[in-house]
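# Survey of secondary and tertiary structure
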Amino acid sequence: MQDPVASPKVTTVDHPLVQHKLTLMRDRDTALPEFRRLLREISLLLAYEVTRHLELKTVSVETPVARADLPLLARPEPCFITILRAGNGLLDGMLDLIPAASVGHLGLYRDPATLEAVEYYYKVPGDMGERLAIVVDPMLATGHTAVAALDRLKKDGAKDISFVCLVAAPEGIEALTEAHPDIPIYTAAVDERLNEKGYIVPGLGDAGDRIFGTK
Ligand SMILES: O=P(O)(O)OC[C@H]1O[C@H](OP(=O)(O)OP(=O)(O)O)[C@H](O)[C@@H]1O
Ligand SMILES: O=c1cc[nH]c(=O)[nH]1
Ligand SMILES: [Mg+2]
């Protein structure tokens, strides 16, 4: 079987600033304000990558100097679908880049005993099917949460979806590419493995706790 991490659907964003910021975020001694600031900065760079292939159309514009045929987005701006809670940490930076994006919220938590995803909230833009839907969650561990999110969004009419995370485990990439082979995955890093509690190694710990200071 093909190595899922090497799949053409998986993009590791290897920009030096992304890699530098992620290393600072991984450090256990990086405190809350700094962690949040880095997350905001890195999210903007990830949003830049995931929107790289948005389709353009040509429009005629009168500049102060001349009329010209110029590029404009062919469809409405993408929507972000944040997987609560930790996905919210990626939103600020991404909205800095695309202020006109609409935002959907999908509440899913990972049951600590079974590691299965449990849904507790769902509200997405009605026109999600007309936009690129960018699903954001910092961690792709077992992949249960991401698979459940994509199942739900496809059932509800999303057609063009990309998944963005900060850190992925090989196990999560395999699960996600197996369940949803059509979905592009963007990640800043693919780590070594999961530990016995389902945490990514080396990872960055519990993303939600580090973003919201709930440890
Ligand atoms: O790939 P998986 O094994 O499903 O794990 C990944 C999920 O775990 C974390 O959420 P968590 O359940 O901790 O919820 P939180 O965002 O509310 O902290 C993370 O933000 C992902 O949503
Ligand atoms: O390492 C992990 C795995 C799942 N969720 C997290 O927040 N961190
Ligand atoms: Mg958490």
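Residues numbered from 1 in each chain as written. Chains lettered and ligands numbered in written order. Predicted model: local features only at pLDDT ≥ 70, side-chain atom pairs only at ≥ 80, totals over all residues. Heavy atoms only, no water.

In the nomenclature of an unreviewed UniProt entry, the chain corresponds to Uracil phosphoribosyltransferase from the organism Pelagibius litoralis. Looking at the chain in UniProt, the text filed under Function (unreviewed entry) is "Catalyzes the conversion of uracil and 5-phospho-alpha-D-ribose 1-diphosphate (PRPP) to UMP and diphosphate." (UniProt positions renumbered as here; feature names shortened; annotations may be inferred.)

### Considerations on the UniProt feature "binding site: uracil" (unreviewed entry) in the chain
Within this numbering scheme, the UniProt entry marks I200, G205, D206 and A207 as carrying the feature "binding site: uracil" (unreviewed entry). Lining of the largest pocket among the annotated residues: I200, G205, D206 and A207. Here I200 is to be found in strand β12 (residues 200-201). In this structure I200 comes out as buried when scored by relative accessible area, which is 7%. (1 Å grid on protein atoms, 1.4 Å probe; cavity = no way out; pocket = protein on both sides within 12 Å on 5 of 7 lines; lining within 4 Å. Helix = DSSP H or I, 4+ residues; strand = E, 2+ residues; numbered from the N terminus. Buried < 20%, exposed > 50% of the residue type's maximum accessible area, 1.4 Å probe, protein only.)

### A look at the site of ligand 2
By nearness alone, every residue bordering ligand 2 is listed as R110, M139, A141, G198, Y199, I200, G205, D206 and A207. Contact between ligand 2 and I200: an oxygen atom at 2.8 Å from a main-chain N or O atom of the residue. Within the backbone of G205, a nitrogen or oxygen atom sits 2.8 Å from a nitrogen atom of ligand 2. Notes on ligand 2: free accessible area 230 Å², of which the protein chains cover 88%. Most atoms of ligand 2, that is more than half of them, are within 2 Å of grid points of the largest pocket. Of the residues in the shell around ligand 2, the class split is five nonpolar, two polar and two charged. (Near = heavy atom within 4 Å. Polar contact = N/O pair within 3.5 Å; in protein donor to acceptor, adjacent residues only side chain to side chain. Areas by Shrake-Rupley, 256 points an atom, 1.4 Å probe, with all protein chains shown as cover. Sits in = over half its atoms within 2 Å of the grid points. Nonpolar A, V, L, I, M, F, W, Y, C, P; charged D, E, K, R; others polar.)

### Structural notes on the site of ligand 1
Of all residues adjacent to ligand 1, which total 15 residues, the nearest are R110, D137, T142, G143 and T145. A distance of 2.9 Å separates an oxygen atom of ligand 1 from a polar atom in the backbone of A86. Because more than half of its atoms lie within 2 Å of the grid, ligand 1 is assigned to the largest pocket. Of all elements in the fold, only β5 (102-110), β8 (139-140) and α4 (144-155) reach the threshold of two or more residues within the shell around ligand 1. By residue class, the composition of the shell around ligand 1 is six nonpolar, five polar and four charged.

### Comments concerning the side chain of T30
Relative to the helices and strands, T30 is located in the loop between α1 (16-26) and α2 (32-50). Given the relative accessible area of 16%, T30 is considered buried. Within the local environment of T30, its side chain forms a polar contact with the backbone oxygen of L24, the two atoms lying 2.6 Å apart. Those residues in contact with T30, other than ones at most four positions away along the chain, are L24, F35, L38 and R210. (Contact = heavy atoms within 4.5 Å.)

### Comments concerning the pattern of salt bridges
Applying the stated criterion to the full structure yields 13 salt bridges. For K21, the salt bridge identified is with E41, shortest N-O distance 2.7 Å. Of this pair, K21 sits in helix α1 while E41 sits in helix α2, placing them 20 residues apart in sequence. According to the relative accessible area criterion, K21 is buried, its value standing at 14%. Across the pair D182 and K154 runs a salt bridge, and its minimum N-O distance is 2.9 Å. Of the two residues, D182 sits in the loop between α5 (170-179) and β10 (185-190) while K154 sits in helix α4, which places them 28 residues apart along the sequence. Owing to a relative accessible area of 39%, D182 belongs among the partly exposed residues under this scheme. With a relative accessible area of 30%, K154 lands in the partly exposed category. (Salt bridge = Lys/Arg side-chain N within 4 Å of Asp/Glu carboxyl O.)

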